[in-house]
There are 2 protein chains.
Amino acid sequence: MKSTVKVGIIGYGTIGMGTAKILVENKDLISKRTGKEIILEKLVDLDITTEREFQIDASLLSTDINDILENDDIDIVVEAIGGTNPAKAFIERALKNKKSVVTPNKEVIAKHGRELMILAEENGVDLFFEAAVGGGIPIIRPLKMGIGANNVKEIYGIVNGTTNFILTKMTDEGGDFGETLKEAQELGYAEADPTADIEGYDSSYKLVILSILAFGAKVDFENIYFEGISSISGRDNMYAKEFGYEIKLLAVGKEIDGNLELRVHPTFVPLTHPLANVKGVNNAIYVKGDYVGETMFYGPGAGAEPTGSAVVADILDIAYSIDAPLNRRNLRTDFDIMNIVDRGEFVSEYFFRVDCADECGVLAAISGILGKHNVSIKSALQKDQTEKGSELVFITHDVKESSILKAMKEIENLDSVFKVYKFIRVGV
Amino acid sequence: MKSTVKVGIIGYGTIGMGTAKILVENKDLISKRTGKEIILEKLVDLDITTEREFQIDASLLSTDINDILENDDIDIVVEAIGGTNPAKAFIERALKNKKSVVTPNKEVIAKHGRELMILAEENGVDLFFEAAVGGGIPIIRPLKMGIGANNVKEIYGIVNGTTNFILTKMTDEGGDFGETLKEAQELGYAEADPTADIEGYDSSYKLVILSILAFGAKVDFENIYFEGISSISGRDNMYAKEFGYEIKLLAVGKEIDGNLELRVHPTFVPLTHPLANVKGVNNAIYVKGDYVGETMFYGPGAGAEPTGSAVVADILDIAYSIDAPLNRRNLRTDFDIMNIVDRGEFVSEYFFRVDCADECGVLAAISGILGKHNVSIKSALQKDQTEKGSELVFITHDVKESSILKAMKEIENLDSVFKVYKFIRVGV
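For clarity, every value in this text was computed on a predicted model and none was experimentally measured.

**Considering the overall build of chain A**
Here is step 1 of the chain: In terms of regular secondary structure, chain A is built from 14 helices and 19 strands.
Here is step 2 of the chain: By the compact-globule yardstick of 22 Å for 428 residues, chain A fits well, its C-alpha radius of gyration being 24 Å.
Here is step 3 of the chain: Expressed along its principal axes, the backbone C-alpha trace of chain A runs to roughly 80 × 45 × 35 Å.
Here is step 4 of the chain: When the 428 residues of chain A are sorted by exposure, 61% land in the buried category.
Here is step 5 of the chain: Carbon together with sulfur atoms contributes 47% to the accessible area of chain A, which is approximately 15,900 Å² in total.
Here is step 6 of the chain: Computed over 46 positive and 66 negative side-chain charges, the separation of the two mean positions in chain A equals 3 Å.

Structure follows, in structure tokens:
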């Protein structure tokens, strides 16, 4: 029986640092829990001189990736550099060298997960990624095991901390998207290039991973319909409040009659729904199973220490079983092929607003177009008379997305309509 | 490698039936997930003739416990009879016969868990009890692993479905405890002898288990200070609403400077706190760790299928690793010895009400006593003038329980005071 387990971390960024910190500071607790000594053996980064918030002993630092990947002492490699290149190549080399891999990297798992899981299986080691979704929230392992006896019917929630931070701030302080993003960047809650977060890529990667686990289905990034939050304005937020909602970026996966509906988009969440109360960088994920019913997992979705906590959970799990022969805990890789529902088939209520001329016929014209496409109106509001004209605001009843898209196009073409703003889906 | 894993269930009650149902109905899904065929081999109960909601093939039923405990084909025993006798003896025999055991039995784990874990370890098999706390919510495994890298600082929440069902109904419909209990019994949400649930025993057993896992400490049932909900009246509920609270039965474990505070009692939960929104038989458990921060786990806390879902999760976990040598996933059994905080040291706000004579001096006398014991008043209310006199209602600021107990005693002895009702702690 191995009594010590040695860990190498690639990447001295936020998560690499957080992981190292926990391994060092909670060393005694961890060895008590696992019955093994878990040792941070090496941390590799191109930059090991810039001062960090948590400073690792210089003797453990290296700029040479081979000090981890070709180091026979190291049992577990933490890949914490993100992106696909060179992360994927590093993970592959580690697995081939019979090292288990832990990664918080949602992009590489969403895009190459199956391939890497098979490689792990072939080499008799583990590939774990608890930190790839939901930051510090234990969600991957509950999906593999905790509700593993269930057919999952739905999985949905808030899975991106940056956008939730921005949306919370916009709701609380009433600002517009651009200025709020800038503040979030200054506070370190959004990256210099915020595209992956704010345009919905990050949430989509996570939805791919959740769907693979929850539905056991082959899901690719290309299967996710996604929108970001960059078009959300202070005005949208104002109306959301007025109608009793809060805008959240949701990731939604549903199994409907054997088909999968997969989408990421801003949503009017009713204030009575607990997701409306998930603030700042927190995440919350609902899982509905055929026997367990509805469960929910909540916690910090980002940050060095919460994410490091999830990385170390994977390290513990590997350490517990390091003497065991390969088992199926990685994940089955014989995914089911399921039909992915086309965007046009989504059904939702929709909120949209229109700038138009202040003429008596406009509302009638718009209503006529909506009716023609079987879009029935739940609420309509004519709010402000501006110098240019009027603003009309609508919430529809449930309708197919193909219908609302056709109606929007026709409304845009009305002479008396100046601008149709992007619709926002309503309801969880 | 074993390709089939055989399960024997002891007890054809709610949970035994739910477990059997899932094993039978989701058989294909489970074997896909685990890579092994998991077979319900035998179900033993004294009564196998009464018709059940889910009827198990008669060939699998037996009244002879030896058909499971002495059956060499059976790998995993599910003990689903509850209580300590004969449950404990059955678990011991199963473990000694090298069978892994899964049990939803909180009482036997709370009272004899350590002893049984050691026995499991000695025999190289697993003893899992995911369903013993939180019904269908995966909470045990996240505590063992998901947040295993953290020192847990607090664990608290709603862990009993029956009392939460009763309290929710009292809040929504305004009834008193007695009549609501009767309705809950008629609906099957409370047992004929409801003592274990309503007097807080069940929540206390669960708090023992959560504390062992969260704090790694030796915690016994006798260490828990507990109160039930049978003294809660419609009038308490009315005042809770008026002050902006909802009454919930909370289980609370806190580590404060190396000491453990462990308590179960009805609590005024602020309506702004998510726990106030946990309705019916649902449970919700908060866990605060030194690195992960605050996480929360929510879902159905009772019922045949949710609880069965958790039992089957344990079966999956054992099946995954059935070929592996013994590992430490059971739990470390070298518990830390921690000081348990005495009831008198608890600090809280307190709500209490007093029936008294309608005289001008009473409020002054009560205030005087409170002041003498350093109990400062946050809110006071004189509500109804009855024929007998007045009702005075107080909420205090934070104060030590020893002080409020002394003050209550003196107030009771005032001539003009007819009755002092049991206080309720305020705040989460």
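**What to know about helix α13 (residues 361-372) of chain A**
Residues and elements named next belong to chain A.
Here is step 1 of the chain: When the terminal C-alpha atoms of α13 are compared, their 17 Å separation across twelve residues agrees well with the 16 Å that a helix rising 1.5 Å per residue should span.
Here is step 2 of the chain: Every buried residue belonging to α13 is among Val362, Ile366, Ile369 and Leu370, and all of these are buried. Considered in projection along α13, the buried side chains sweep an arc of 100° and stay on one side of the axis. Away from its buried face, by an angle of more than 90 degrees, α13 presents the exposed residues Ala364 and Lys372.
Here is step 3 of the chain: In the stretch just after α13, Asn374 is the one whose phi turns positive, near 60°.

**Some details on the interface of chain B and chain A**
For interface size, the figure often reported is the accessible area lost on association.
Here is step 1 of the chain: The interface is formed by 53 residues belonging to chain B together with 53 residues belonging to chain A.
Here is step 2 of the chain: Summed over both sides, the interface between chain B and chain A buries roughly 4,700 Å², with carbon and sulfur atoms accounting for 56% of that surface.
Here is step 3 of the chain: Taken together, chain B and chain A are joined by two salt bridges.
Here is step 4 of the chain: A salt bridge links Asp336 of chain B to Lys32 of chain A, with the shortest nitrogen-to-oxygen separation between them at 3.1 Å.

**Describing the relation of the copies chain B and chain A**
Here is step 1 of the chain: With an RMSD of 0.1 Å, chain B superimposes on chain A once it is rotated by 180° and translated 0.0 Å along the axis. What the rotation and shift describe, once combined, is the action of a two-fold rotation axis.

**Concerning the packing of helix α5 (residues 106-122) of chain A against helix α10 (residues 201-215) of chain A**
The description of two packed helices rests on the angle between their axes and on the distance between the axes.
Residue and element names in this part refer to chain A.
Here is step 1 of the chain: At a minimum axis separation of 8 Å, α5 and α10 run at an interaxial angle of 50°. By the angle class used here, α5 and α10 are oblique. Here the hand of the crossing between α5 and α10 comes out left-handed. Along its contact with α5, which presents Lys106, Glu107, Ile109, Ala110 and Lys111, the element α10 presents Asp202, Tyr205, Lys206, Val208 and Ile209.
Here is step 2 of the chain: A breakdown of the residues in the contact of α5 with α10 according to their chemical character gives five nonpolar, no polar and five charged.

**Examining the pattern of salt bridges**
Residue and element names in this part refer to chain A.
Here is step 1 of the chain: The tally for this structure, following the rule as stated, stands at 66 salt bridges over all chains.
Here is step 2 of the chain: Here Asp314 and Arg141 are joined by a salt bridge, their closest N and O atoms 2.6 Å apart. Within this pair, whereas Asp314 is found in helix α12 (residues 304-320), its partner Arg141 is found in helix α6 (residues 140-146), the two being separated by 173 residues in sequence. Accessibility assignment for this pair places Asp314 and Arg141 in one class, buried.
Here is step 3 of the chain: A single salt-bridge network, built from bridges that share partners, covers Glu130, Arg141, Asp314 and Asp317.

**Brief notes about the sheet that holds strand β5 (residues 100-102) of chain A**
Residues and elements named next belong to chain A.
Here is step 1 of the chain: Across the sheet, which stays open at both edges, the six strands sit in the order β3-β2-β1-β4-β5-β6 with parallel pairing between neighbours. Taken across any chain shown, the strands that pair with only one partner, and hence form the sheet edges, are β3 (61-62) and β6 (127-128).
Here is step 2 of the chain: Direction of pairing for strand β2 (residues 37-44) relative to β3: parallel, over a ladder of two bridges. Each residue of the ladder has a partner; that of Val44, found in β3, is Ser62.
Here is step 3 of the chain: Its contacts with the sheet place α12 against β1 (4-10), β2, β4 (76-79), β5 and β6, and it is angled at close to 160° to β5.

**Some remarks on the environment of Ile39 of chain A**
Here is step 1 of the chain: Inspection of the secondary structure puts Ile39 of chain A in strand β2.
Here is step 2 of the chain: Setting aside residues no more than four positions away along its own chain, Ile39 of chain A makes contact with Thr4, Val5, Lys6, Val7 and Lys27 of chain A.

**Side note on the packing of helix α4 (residues 87-96) of chain B against helix α5 (residues 106-122) of chain B**
All names here are of chain B.
Here is step 1 of the chain: Running from N to C, α4 and α5 cross one another at 15°; their axes reach a closest spacing of 10 Å. The orientation of α4 relative to α5 falls into the category roughly parallel. Read as a crossing pair, α4 and α5 show a hand that is right-handed. Across the interface between the two elements, Lys88, Ile91, Glu92, Leu95 and Lys96 of α4 pack against Val108, His112, Glu115, Leu116, Leu119 and Ala120 of α5.

**A few points about the domain arrangement of chain A**
All names here are of chain A.
Here is step 1 of the chain: As assigned here, chain A comprises domain 1 (4-135 + 304-320), domain 2 (148-300) and domain 3 (344-426).
Here is step 2 of the chain: Each of domain 1 and domain 2 was reduced to a C-alpha centroid, and the two centroids are 27 Å apart.
Here is step 3 of the chain: Taken together, the contact between domain 1 and domain 2 spans eleven residues of the former and ten residues of the latter.
Here is step 4 of the chain: Each partner contributes to the roughly 1,000 Å² buried at the junction of domain 1 and domain 2, and carbon and sulfur atoms together form 78% of this total.
Here is step 5 of the chain: Three residues, Lys106, Ala110 and Val133, lead the burial of domain 1 against domain 2; their summed loss comes to 47% of the area buried on that side.
Here is step 6 of the chain: Seen at the junction of domain 1 and domain 2, the total is one salt bridge.
Here is step 7 of the chain: Between Lys106 and Asp202 there is a salt bridge, with the nearest N and O atoms lying 3.7 Å from each other.
Here is step 8 of the chain: Between domain 1 and domain 2 we count one residue pair in polar contact (both at pLDDT 80 or more) in total.
Here is step 9 of the chain: With five residues, the single largest contributor to the side of domain 1 that touches domain 2 is α5.
Here is step 10 of the chain: Partitioned by chemical class, the residues of the side of domain 1 that touches domain 2 number six nonpolar, two polar and three charged.

**Some words on the sheet that holds strand β5 (residues 100-102) of chain B**
Here is step 1 of the chain: On the basis of which strands lie adjacent, the open sheet formed by six strands has the order β3-β2-β1-β4-β5-β6 (chain B) and parallel pairing. Edge positions in the open sheet fall to β3 (61-62) and β6 (127-128) of chain B, since each of these has one partner strand only.

**Some remarks on the pairing of strand β16 (residues 390-396) of chain A**
Here is step 1 of the chain: Burial within β16 of chain A is extensive, with seven of its seven residues counted as buried.
Here is step 2 of the chain: Of the two faces of β16 of chain A, the one lined by Ser390, Leu392, Phe394 and Thr396 of chain A and the one lined by Glu391, Val393 and Ile395 of chain A are each fully buried.

**Re the environment of Thr163 of chain B**
Residues and elements named next belong to chain B.
Here is step 1 of the chain: In this structure, Thr163 sits in helix α7 (residues 161-173).
Here is step 2 of the chain: Of the residues examined, Thr163 reaches a relative accessible area of 1% and is grouped as buried.
Here is step 3 of the chain: A C-alpha to C-alpha distance of 15 Å links Thr163 and Tyr205, two positions 42 residues apart in sequence.
Here is step 4 of the chain: Ignoring anything within four residues of it in the chain, the contact list for Thr163 reads Asp197, Ile198, Ile229 and Leu249.

**Focus on the environment of Glu37 of chain A**
Residues and elements named next belong to chain A.
Here is step 1 of the chain: Structurally, the position occupied by Glu37 is in strand β2.
Here is step 2 of the chain: For Glu37 and Arg93, which are 56 residues apart along the polypeptide, the C-alpha to C-alpha distance reads 25 Å.
Here is step 3 of the chain: Each residue touching Glu37, except ones within four places of it in the same chain, is listed here: Ser3, Thr4, Val5, Lys27 and Ser31.
Here is step 4 of the chain: Of note is the side chain of Glu37, whose polar atom sits 2.9 Å from the side chain of Lys27.

**Digging into the packing of aromatic side chains**
Here is step 1 of the chain: In the structure shown here, the tally under the stated rule is 25 aromatic pairs over all chains.
Here is step 2 of the chain: Judged by centre distance (6.2 Å) and plane angle (45°), the ring pair of Tyr239 of chain B and Phe351 of chain B falls under tilted. Of this pair, Tyr239 of chain B sits in helix α11 (residues 234-243) while Phe351 of chain B sits in strand β14 (residues 347-356); the two residues are 112 residues apart in sequence, bridging distant segments of the chain. Taken as a pair, Tyr239 of chain B and Phe351 of chain B share a single burial class, namely buried.
Here is step 3 of the chain: Residue placement shows Arg141 of chain A over the ring face of Phe128 of chain A; its charged tip is 5.3 Å from the ring centre.
Here is step 4 of the chain: The lysine or arginine in question, Arg263 of chain B, covers the ring of Phe346 of chain B, its NZ or CZ lying 5.5 Å from the ring centre.

Conventions used here
- All residue numbers refer to position in the chain's written sequence, counted from 1.
- Each chain takes a letter, starting from A, and each ligand takes a number, starting from 1, following the order in which they are written.
- The predicted origin of the model limits local features to residues at a pLDDT of at least 70 and limits the giving and counting of side-chain atom pairs to 80 or more, whereas totals for whole chains, interfaces and linings rest on all residues.
- Where side-chain values are given, they derive from all heavy atoms of the structure, hydrogens and water being excluded.
- Helical segments are the DSSP runs of H or I of at least four residues, strand segments are the runs of E of at least two, and each set is numbered from the N terminus.
- The quantity called the radius of gyration is restricted to C-alpha atoms. Its globule counterpart is 2.2 Å times the number of residues to the power 0.38.
- Between buried and exposed lies partly exposed: a residue is buried under 20% and exposed over 50% of the maximum accessible area for its type, with that area taken using a 1.4 Å probe on protein chains only.
- Only the protein chains shown count as cover for residues, and all accessible areas are computed by the Shrake-Rupley method using a 1.4 Å probe.
- Under the convention used here, Asp and Glu are negative, Lys and Arg are positive, and both His and the chain ends fall outside the count.
- For this purpose, a charge sits on NZ of Lys, CZ of Arg, CG of Asp or CD of Glu.
- Working rule for helices: expected span equals 1.5 Å times residues minus one.
- It is the directions from the helix axis to the C-beta atoms that the arc portrays.
- It only takes one pair of heavy atoms within 4.5 Å for two residues to be counted as in contact.
- For any pair of parts, buried area is found by adding up, for both, the accessible area (1.4 Å probe) each one loses once the two are put together.
- By salt bridge we mean one thing: a side-chain nitrogen of Lys or Arg within 4 Å of a carboxyl oxygen of Asp or Glu.
- Only residues with pLDDT of at least 70 in both copies contribute their C-alpha atoms to the least-squares superposition of the copies.
- In this analysis an axis means a line fitted to C-alpha atoms, helices contributing only their contacting stretch, and an angle means the value between N-to-C directions, from 0 to 180 degrees.
- Should an angle fall under 35 degrees it is taken as roughly parallel, and over 145 as roughly antiparallel, whereas 65 to 115 is taken as roughly perpendicular and any remaining angle as oblique.
- Left-handed describes a crossing whose near helix is turned anticlockwise from the far helix through less than a right angle; right-handed describes the clockwise counterpart.
- Polar here means any residue outside two lists: the nonpolar Ala, Val, Leu, Ile, Met, Phe, Trp, Tyr, Cys and Pro, and the charged Asp, Glu, Lys and Arg; Gly therefore counts as polar.
- Only strands joined by at least two bridges in the DSSP assignment are considered to pair.
- Segmentation into domains, and thus their bounds, comes from an automatic or database assignment.
- Counted as a polar contact is a pair of N or O atoms within 3.5 Å, where, for protein atoms, one must be capable of donating a hydrogen and the other of accepting one, and residues adjacent in sequence contribute only when both atoms are in side chains.
- Each aromatic pair joins two rings of Phe, Tyr and Trp (for Trp, the six-membered one) with centres within 6.5 Å, and gets the label stacked for planes under 30 degrees apart, edge-to-face for over 60, and tilted for any other angle.
- Both a distance and an angle decide whether a charge sits over a ring: NZ of Lys or CZ of Arg must be within 6 Å of the ring centre and within 35 degrees of the ring normal.

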